[in-house]
Every structure is written in structure tokens, then in C-alpha cells.
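Read off the chains here:
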Amino acid sequence: MKAYKKDDIVLAKNLRKEATKWENELWFKFLRNYPIRFQRQKSIGNYIVDFYCAKARLVIELDGYYHTTELQYVDDTKRTEDLSKMNLTVIRFKNTEIENNFQRVCAQIDYIVKNNI
């Protein structure tokens with residue numbers, strides 16, 4: 001089990017309740033019923049990741065418009081580096097990919113999971 005900050009548990013629960021429409025779409029239409037367990041808004045280290053599959057050591061992050069700013073790009077890069085140092089694979093999808101290429105996103109997740117277990 002990955003280390004986490006206990007203080008983040010309440011925040012993670014609130015983030016699950018207030019999920020974006022893209023997070024809900026990926027969760028309810030694909031990840032929730034995926035044969036290998038995924039968790040939403042999982043606290044790992046100093047972060048709360050959008051989706052996590054422990055068996056595949058996979059983190060999935062969905063990026064909205066604010067992720068296009070330079071400051072957010074720097075933060076996202078640091079976050080990905082830190083999670084990668086924990087021997088996790090991190091993949092990022094833009095919200096527009098969920099809207100416009102949902103099947104491709106699902107196929108990519110499936111491919112990575114199957115190759116990581």
C-alpha cells in the first residue's frame with residue numbers, strides 16, 4: 001500500500017462527491033466496472049490522484065483547461081515526476097479527449113493495465 005497523508009482522506013471524499021463530468025464519465029462508463037479494481041480520488045504521498053489502479057501501479061489524471069497554464073504545467077510535471085519515483089505509471093488525458101475520443105482513451109487505459117500487471 002502506498003503511503004498517504006491521513007488529512008487528505010476527507011478532501012478525497014469531497015472530491016469524489018464533486019467530481020467533474022469528465023471524471024464521472026470515465027468512472028461510470030468504464031473504470032467502475034473494469035475487471036481490475038480502480039479507485040477514485042486516491043491519496044498517494046502528497047497528492048490526491050484522479051484514478052488509481054494498485055495492481056497495475058497506474059495513475060490516471062484528467063486535465064481541464066486550467067492545466068494549460070504555464071504554472072499548472074510546472075506543477076503537473078513535478079507531480080508526475082514525484083509519482084513516477086514511487087514506481088507508478090502516470091498517464092494524463094485532457095477533458096476534450098474524454099468527450100471526443102472516449103473509446104480510444106479506454107483502449108489506451110486497458111492496454112497499459114494489461115501490460116503493467
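Residues numbered from 1 in each chain as written. Predicted model: local features only at pLDDT ≥ 70, side-chain atom pairs only at ≥ 80, totals over all residues. Heavy atoms only, no water.

Caption draft 1: Molecular detail of the nonpolar core. Grouped together as the largest cluster of nonpolar side chains are 22 residues, with contacts concentrated most on L26, L31, F38, L58, I60 and I109. If you list the elements that add at least two residues to this core, you get α2 (21-31), β2 (47-53), β3 (58-63), β4 (89-94) and α5 (102-116). No other element matches the 6 residues that α5 contributes to this core. When sequence neighbours within four positions are dropped, the list of residues in contact with L26 reads L31, F51, I60, L62, I98, F102, V105, C106 and I109. Within the second largest apolar cluster, 8 residues are counted, among which are V49, Y52, V59 and V90. (Core = buried A, V, L, I, M, F, W, Y, C linked by side-chain atoms within 4.5 Å. Buried < 20%, exposed > 50% of the residue type's maximum accessible area, 1.4 Å probe, protein only. Helix = DSSP H or I, 4+ residues; strand = E, 2+ residues; numbered from the N terminus. Contact = heavy atoms within 4.5 Å.)

Caption draft 2: Representation of the pattern of salt bridges in the model. By the definition in use, this model includes 8 salt bridges. Taking the shortest distance from any N to any O, the salt bridge between E97 and R104 comes out at 2.5 Å. On the basis of relative accessible area, R104 is assigned to the partly exposed category, the value being 38%. Between D110 and K114 there is a salt bridge, with its nearest N and O atoms 3.0 Å apart. Separated by 4 residues within a single helix, D110 and K114 lie in helix α5, roughly one turn from each other. Looking at K114, the relative accessible area reads 55%, which means it is exposed. When salt bridges that share partners are traced, they join D63, D76 and R92 into one network. (Salt bridge = Lys/Arg side-chain N within 4 Å of Asp/Glu carboxyl O.)

Caption draft 3: Quick peek at unusual backbone geometry. Of note in the backbone geometry, Q41 takes a positive phi value of approximately 45 degrees without being a glycine. When you line up the elements, Q41 lands in strand β1 (residues 39-44). Judged by relative accessible area, which is 6%, Q41 ranks as buried. Backbone geometry places N87, a non-glycine residue, at a positive phi of 65 degrees. With respect to the secondary-structure elements, N87 resides in the loop between α3 (70-85) and β4. Under the relative-accessibility criterion, N87 is labelled exposed at 55%.

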